[in-house]
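Structure at a glance
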Amino acid sequence: MNSTIILDIETIPTQRQDVREYIAKTVTHPGNISKAETIAKWNEESKPAAVEEAVSKTGLDGAFGQIVCIGFDAVDSGVPAVIFGLDERDILMGFNASLECIPRNEWLSTAIVGHNVSSFDLRFLLQRYIVNGIMPHSIIARAAQAKPWETEKVFDTMVQFAGVGNRISLDKLCLALGLPGKGDITGADV
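Residues numbered from 1 in each chain as written. Predicted model: local features only at pLDDT ≥ 70, side-chain atom pairs only at ≥ 80, totals over all residues. Heavy atoms only, no water.

Looking at the secondary structure, you find threonine 11 in strand E1 (residues 3–12). For threonine 11, a relative accessible area of 12% gives the class buried. For threonine 11, the side chain forms a polar contact with the main-chain oxygen of glycine 59, separated by 2.5 Å. When residues no more than four places from it in sequence are discounted, the contact partners of threonine 11 are Gly59, Gln66, Ile67, Val68, Phe120 and Phe124. (Helix = DSSP H or I, 4+ residues; strand = E, 2+ residues; numbered from the N terminus. Buried < 20%, exposed > 50% of the residue type's maximum accessible area, 1.4 Å probe, protein only. Polar contact = N/O pair within 3.5 Å; in protein donor to acceptor, adjacent residues only side chain to side chain. Contact = heavy atoms within 4.5 Å.)

Looking at the second largest pocket, its volume works out to about 180 Å³. What lines the second largest pocket is Ile6, Leu7, Asp8, Cys69, Gly71, Phe72, Asp73, Gly78, Val79, Pro80, Val82 and Gly114. Among the elements that line the lining of the second largest pocket, the one with the most residues is strand E2 (residues 66–73), at four residues. Taken together, the residues that form the lining of the second largest pocket break down as seven nonpolar, three polar and two charged. (1 Å grid on protein atoms, 1.4 Å probe; cavity = no way out; pocket = protein on both sides within 12 Å on 5 of 7 lines; lining within 4 Å. Points joined across faces, edges and corners; volume = space filled by probe spheres on them. Nonpolar A, V, L, I, M, F, W, Y, C, P; charged D, E, K, R; others polar.)

This part covers the packing of aromatic side chains. Tallied over the entire structure, the rule returns three aromatic pairs. Relative to phenylalanine 95, the ring of phenylalanine 72 lies with its centre 5.0 Å away and its plane at 70°, an arrangement referred to as edge-to-face. Of this pair, phenylalanine 72 sits in strand E2 while phenylalanine 95 sits in helix H4 (residues 88–99), and the two are 23 residues apart along the sequence. Their ring planes at 45° and their centres at 5.3 Å tell us that phenylalanine 120 and phenylalanine 124 sit as a pair that is tilted. With phenylalanine 120 and phenylalanine 124 both in helix H5 (residues 117–131) and four residues apart, this pair spans about one turn of that helix. (Phe/Tyr/Trp six-rings, centres within 6.5 Å; stacked < 30°, edge-to-face > 60°.)

Now the structure itself:
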C-alpha cells in the first residue's frame, strides 16, 4: 500500500545573536563607493537596514533560518496536523514522533506531497535536523534525497506542473486549476 504525507513548513529568519553578528560583519558598502567619508556615512545611515535585509533572508536558508511550523497530513484524513512553536528542536522531535503513526512496512512506499517541497521544504527540514543534531525520520531522509521526478518518494506539485527547474506559485497554479488559493497569507505573515 502506498501512503502519502502532505507537507508544508513555515520558517522565520535566524533568532541567534551570533548569526546576526556574523551577517553584520559580512555586509559592506556598495563597491561604487570609495571615499572614506561616503563609506562612513553609508555605514551609519544605510548599513543597519542592509543588515536587517540580509538577516530577513535567512528565513529561506536552512543553515540559519528556523522552522516554526510544520503542517502535515500523514493519515490521509483531510485534516492536517500542525506542530508549531519557537523551540525548533521540539517541533522536529514532535514531527518525528507523529510520523510513527505510519507502519514501518510502509515507510519505503510513502511519498511526501507538497508545493516546492522537493527543493525547499525537504531540504530545509533536513538541514535543520542536522543543525539541531536530530536524526530525521526515515521517511523524510528518503524523500529529501529523491530526485524531483521520483514521484514514488516525493510528489512536488510545482515540478509536476511547471517541470524540473521551472517555477509556478501555488496561488497561480490554484487559479489555473479553478481551485481556491491561499489568499493574502504569505510565509512572511506567519
